[in-house]
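Descriptive structure summary
Listed below are the residues making up each chain.
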Amino acid sequence: VLEIEDVFVQKMRRYVEDNMGNTDLSMDELSRAMTMSYQNLHRKLAALTKLSPVQFIRTIRLQKAMLLLKSTQLSIGDIAFEVGFSDPKYFSRVFTEEFGKPPSAVR
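Quick look at the structure, then. (Residues numbered from 1 in each chain as written. Predicted model: local features only at pLDDT ≥ 70, side-chain atom pairs only at ≥ 80, totals over all residues. Heavy atoms only, no water.)

**Thoughts on the packing of helix α1 (residues 7–18) against helix α3 (residues 38–49)**
- At a minimum axis separation of 10 Å, α1 and α3 run at an interaxial angle of 110°. The angle between α1 and α3 falls in the class roughly perpendicular. α1 and α3 meet at a crossing whose hand is left-handed. Between α1 and α3, the contacting residues are F8, V9 and M12 on the first element and L41, K44, L45, L48 and T49 on the second.
- Of the residues contributing to the contact of α1 with α3, the split by class is 6 nonpolar, 1 polar and 1 charged. (Axes fitted to C-alpha atoms, helices over the stretch in contact; angles between N-to-C directions. Helix = DSSP H or I, 4+ residues; strand = E, 2+ residues; numbered from the N terminus. Parallel < 35°, antiparallel > 145°, perpendicular 65-115°, else oblique. Left-handed = near helix turned anticlockwise from the far one by under 90°. Contact = heavy atoms within 4.5 Å. Nonpolar A, V, L, I, M, F, W, Y, C, P; charged D, E, K, R; others polar.)

**Re unusual backbone geometry**
- In this structure, T35 is a non-glycine residue whose phi angle is positive, near 50°.
- On the accessibility criterion, T35 (67% relative accessible area) is exposed.
- For K50, which is not a glycine, the phi torsion comes out positive at approximately 65°.
- Among the structural elements, K50 can be located in the loop between α3 and α4 (53–71). (Buried < 20%, exposed > 50% of the residue type's maximum accessible area, 1.4 Å probe, protein only.)

Put into structure tokens, the structure is as follows:
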């Protein structure tokens, strides 16, 4: 979904990656960082990626989690916190929804 990215999407991705560990990353913060209203941010991101800002952030976090699962020995709970999820059970559920297998199966 996010392979071919324009400058806007790259800037958003960079901001999310730079703030990955912030479990409270808000849409207001993201809107301010992108210098646009939430409505415009949502509209533009949806047009470019077919994802809402919340889905976009979650996708980036889950992609990073996949990378960490494959490249580190951190526990699944530690990885969940590292990528900005405050609840490891929720992290495991959305990871499984995204990739079709639980984090433990990636190891």
